[in-house]
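Now for the letters of each chain:
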Amino acid sequence: MTESTPEQRGVDRDWSGIRRAANFRPVEWLAEKMIQGVSFTAIAGVFLIFLFVGKEALPVFLGQTDSRLIQPIIPSSEVAKVKPEVLRQYLGLSVRDFAAMDQDTLKELMQVREEGAKDIPEYARSDPDSGVNGSGWRYLIAPHQWSGNEHPEYIWQPVGNIQKFNIIPLFLGSLKTTLIGLFFAVPLALAAALYVSQLAPVRVKEWVKPGIEMLAGIPSVVVGAFALLVLATWLQSIFHYQVRLNAFVAGIALGFAVIPLVFSIAEDALTSVPKSYVQAALAVGASRWQAARDIVLPAAIPGVFAAVVLGFGRAIGETMIVLIVCSAPVMSWNLFDSARSITTTIAAEMGELVPGSPHYRILFMLGTVLFAVTFLTNLIGDVVINRLKRRLEGKR
Amino acid sequence: MSASPRPEASRSLSRTGIDWGSSLGTAVSLAATVFILLILFVILGNVVIHGLPQLSWRFVSTIPKKDFFDKDSAAVLPMIVGTSIRVLVMTVFVIPIGVTTAVYLTEYARSNSWYTRVIRAAISNLAGVPSIVFGLFGAGFFVHLIGGGIDDIIGATSPKWGKPALLWASLTLAVMTLPVVIVATEESLRAITPGLREASLALGATKLQTILRIVLPNALPGILTGGILAVSRAAGEVAPILFTGAAYYLADLPRSLNDQFMDLGYHTYILASQAPNIEKARPILYGTVFVLLLLTFSLNAVAIFARARIRRQMRSGH
Amino acid sequence: MAAPTSIPATNPPSSSEFKPLLETQNLELFYGASRALKGITMGIRENLVTAFIGPSGCGKSTFLRCFNRMNDLIDGVRIVGECRVGGEDIYARDVDVIELRKRVGMVFQRSNPFPKSIFENIAYGLRLHGIRATSEIEGIVEQSLKGAAIWDEVKDRLHQSALGLSGGQQQRLCIARAIAIRPQVLLMDEPASALDPIATGKVEDLIVELKKDFTIVIVTHNMQQATRISDYTAFFYLGELVEYDLTTRIFTNPAKKKTEDYVTGRFG
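Numbering of residues starts from 1 in every chain and runs along the sequence as written. Think of it this way: whatever chain is written first is A, whatever ligand is written first is 1, and the rest follow in order. The model is predicted, so local features are restricted to residues of pLDDT at least 70 and side-chain atom pairs to those at 80 or more, both for listing and for counting; the totals for chains, interfaces and linings are taken over all residues. Side-chain metrics in this entry use all non-hydrogen atoms of the structure; hydrogen atoms and water are not considered.

**Here we look at the packing of helix H7 (residues 168-199) of chain A against helix H12 (residues 288-299) of chain A**
Residues and elements named next belong to chain A. The criterion, for reference: Angles run from 0 to 180 degrees between N-to-C directions of axes, and those axes are lines fitted to C-alpha atoms, restricted for helices to the stretch in contact. Numbering of helices and strands runs from the N terminus; a helix is a DSSP stretch of H or I covering at least four residues, while a strand is a stretch of E covering at least two. For classification purposes, an angle smaller than 35 degrees is called roughly parallel, one larger than 145 roughly antiparallel, one from 65 to 115 roughly perpendicular, and anything else oblique. Left-handed describes a crossing whose near helix is turned anticlockwise from the far helix through less than a right angle; right-handed describes the clockwise counterpart. The criterion used for residue contact is that any of the two residues' heavy atoms lie within 4.5 Å. Gly falls in the polar group here, along with every residue not listed as nonpolar (Ala, Val, Leu, Ile, Met, Phe, Trp, Tyr, Cys, Pro) or charged (Asp, Glu, Lys, Arg).
Contact geometry for H7 and H12: axes closest at 10 Å, N-to-C directions at 110°. One finds that H7 runs roughly perpendicular with respect to H12. The hand of the H7/H12 crossing is right-handed. Of the residues in H12, those touching H7 at Leu194, Gln198 and Leu199 are Arg288, Trp289, Ala292, Val296 and Leu297. Partitioning the contact of H7 with H12 into residue classes produces six nonpolar, one polar and one charged.

See below:
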């Protein structure tokens, strides 16, 4: 056996060189650890968001918030007698802050509290609702007959002496605008998706798809401003309703924002139906439309469903459009009344709040609900689409 | 046995009648498509027709007076600056972290294991969470918890970091865009044929060398497109910055990361919702919207153009 | 291109007359729970061409990829048994896969040039291994392209994209890329299966040429190809090594019925 060809460059015949001891790569190792570290931090951050929003809302879910106008007062003279833990909670201090304060400071804080209680005007103090904790579950959900009202009512009125936090009007507002948006957007987007994926010539397709992508690229404040300036007037002149800015206008404008999403998902699902289905239909004499309607659409129906579900998630989470167009928290089924959605409420009221106050926590609770709803819709949409694609690709 | 129905022999292949049902269906779906495009053109056309005339050098290059609802003193320089900076700072955070995470998920993590699947599902679902929820998160987490914490540590008497600020708004947007960037990057990484990785590894390249010299350069176009789209989306977002950094009015441009800033989208919202006289504010509103659209669409156009170009290049094999 | 006469005419696995460069002892490979390779024992000699034949799914490609540990890239693959290259157990804990792959090159079924220029495709591997001087790289690029019998076709467009080459040219470029870093062993996984007859002929000529410098193991679907280029042939069936012998013997006078059925085209 010949040993080696002469002109061979550096052929290493000593195979023990493949042992790692001689080949440790510190840079490589470090870089991999860094990639790992950054990714884990990012992923942990993602989960942190779930936790944080939920944590801020937790006291509401547990019914531990207290938004009563008149709260029990501990006289400042009793500063030495009260248990420290009770005192800390009474003053709403963190453990660290509380530990750092001497008794005089605590006493001063208690006096401030006493003075504050005295500042509540007499008429408010005598209000029978002054002892009602509006942030309790019962008042969040069930109607309550507030003083001055003749019937139990659903009222969201977080500012004022007596805070009223009934969230039902907000849910109704969200539902109203979202459903109007979907009723408007879904048929349009689906029909367009069917046309673009099955019927349109390739050149038309190449123009329509970037166009719809562009529609998706319009910021929602811009859609909101357009609805305020132009759309509201047009719709009013067509439908002749009373209030110019209302849930209906907001819903249609929401539809503008939802169309691109529903379109792209539905189009994707329709396109993933194998071409052979269509060819088979055409071969037995169906028209392109009949093939699209009778073969492609039924095959892709889960994708259409997913598009609608995801569109719902997108619409219910949209903020700026509804915020600009309408925002009065009215409890009404009338489409042409104003409506305040969950998102708008958060956007309009979060700005000035004291962290940890009942109102603040209730807004986080609304955020958590929103989070959960959209997370669920996304999950359903994803699962349905993946299943569909796997089935159409023939992998079960 | 009865004869199965057959086309009569006399029926010719030439078209004898119009299939009304099919024509109608096609027409209706075509009409829907046209209607959607019409919405796009009406919005854009409306903004351009009313917004373009408002554009002047003074409008884009001066700082407005306090009464920015007045046509003569209205201007958008600080908003252009504010929006640009917040997008820039966001990009600096989100692109490296997002790309690194995507590289980890596609190249390192075991793709079939349950935790990778959970992470992937969580990330892709987070991409669909409403932006207002991120705003809520940013206010509670960045402004109050982190910012407030920094103030406690440095012993600031008045809030220095524990208040809405450019940095917090940018970070909130970064967290919001992170899933989008990760998903887009993962997609373009996975689009690279396994053959290329194998070829590199079979030559004795390490995993890192393969990623840096073969995988990332080839995925770059996709990453770039996804990144730019995410950035342009973020440029127009208002909800996440409502309580993390945007200001109603400031006489000065932001000087440091803990300053508040004015923002094009937020300003649009203020003009639309708080103008004492909407008719008077209308031209200014159009002008502002026009500038905002110009900014987001130029970013979008860059992304779409880049993608088209790269696709063409890939097809021709250069 | 008949097999060299100097080769001892004994059945290699049982032979003790030579020291094999690649050898396995009872090698088993599992994809999850399913056993893809069922206890393979064989030795492959240096500076010869050894062909693996067998019907699709018989494990020949999987077995080939054991020798440079490309199977590591697949989740859920587990290997039991021994696999030695140059006397070293390559699945030992302290083995550096990178170093191994530098010495055991591979050419794939589907040509996979990097989307870079022809020149860069070859220079990539060289730079990986610390060769930086431009003149040296240029020299090796030329030498490798000549070695892969493609130099004349590409010398005027070295800096154009490799994706512009024809399928056969791309595959020879991949071979040039693999030999540029001077491995000792060249694993080829059906290198000509996607090529037309003319390109296949060129690649086959090249393989015979390369035998001088490299130990070549080639997986092939094409039995004529195996007879044309290989010295030894191993026939695999359902994850087992059925027969391994001189190519001439496998194709003219196989010992096992199964082998005979396969090489005469009765199944597969």
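**Some thoughts on the nonpolar core**
As a rule of thumb, nonpolar side chains are buried together in soluble globular proteins. Note the threshold: Put simply, buried Ala, Val, Leu, Ile, Met, Phe, Trp, Tyr and Cys residues joined by side-chain atoms within 4.5 Å make one nonpolar core. Here's how the labels work: a residue is buried when its accessible area is under 20% of the maximum for its type, exposed when over 50%, partly exposed in between, all with a 1.4 Å probe on protein chains only.
The biggest cluster of nonpolar side chains holds 246 residues, and the ones touching the most others in it are Ile218(A) and Leu145(C). Among the elements that take part in this core, helix H10 (residues 247-271) of chain A stands out by supplying 17 residues, more than any other. When near neighbours in sequence (up to four residues on either side) are disregarded, Ile218(A) contacts Val223(A), Leu40(B), Ile43(B), Leu44(B), Leu293(B) and Phe297(B). Counting residues in each nonpolar core, the second largest holds 39 residues, with Phe67(C), Ala92(C), Val95(C) and Leu187(C) among its members.

**A word on the domain arrangement of chain A**
Residues and elements named next belong to chain A. Convention followed: Either an automatic procedure or a domain database provided the assignment from which the domain bounds are taken. Each of two parts loses accessible area, computed with a 1.4 Å probe, when they are put together; buried area is these two losses added. Whenever a carboxyl oxygen of Asp or Glu lies within 4 Å of a side-chain nitrogen of Lys or Arg, that contact is scored as a salt bridge. Here a polar contact is taken to be a pair of N or O atoms separated by no more than 3.5 Å, where protein atoms must pair a possible hydrogen donor with a possible acceptor and residues adjacent in sequence count only if both atoms sit in side chains.
Examined at the domain level, chain A breaks down into domain 1 (6-61) and domain 2 (168-392). For domain 1 and domain 2, the distance between their C-alpha centroids amounts to 40 Å. The partner domain 2 presents nine residues to the 11 residues of domain 1 that form the contact. Summed over both sides, the interface between domain 1 and domain 2 buries roughly 870 Å², with carbon and sulfur atoms accounting for 81% of that surface. Scanning the region where domain 1 abuts domain 2 turns up zero salt bridges. Our count for the contact surface shared by domain 1 and domain 2 stands at two residue pairs in polar contact (both at pLDDT 80 or more).

**Side note on the confidence of the model for chain B**
When pLDDT drops low, the exact placement of atoms in the prediction is not to be read closely. Condition: pLDDT measures how confident the predictor is about each residue, on a scale from 0 to 100.
Mean pLDDT for chain B: 87, with 92% of residues reaching 70 or above. Mean pLDDT across the secondary structure elements of chain B bottoms out at helix H10 (residues 278-316) of chain B, with 82, and peaks at helix H1 (residues 20-51) of chain B, with 94.

**Quick notes on the side chain of Glu56(A)**
Here Glu56(A) is to be found in helix H1 (residues 26-61). What Glu56(A) contacts, discounting residues up to four positions off in sequence, is Tyr360(A), Arg361(A) and Phe364(A).

**A closer look at the interface of chain A and chain B**
Of the residues lining the interface, 72 residues belong to chain A; the matching set on chain B comes to 72 residues. For the pair chain A and chain B, the summed buried surface comes to about 6300 Å²; carbon and sulfur atoms form 81% of the total. The interface formed by chain A and chain B contains zero salt bridges. If you look at where chain A meets chain B, you find seven residue pairs in polar contact (both at pLDDT 80 or more). For the side of chain A that touches chain B, the leading source of residues is H1(A), giving 17 residues. Across the side of chain A that touches chain B, the residue classes tally to 53 nonpolar, 13 polar and six charged.

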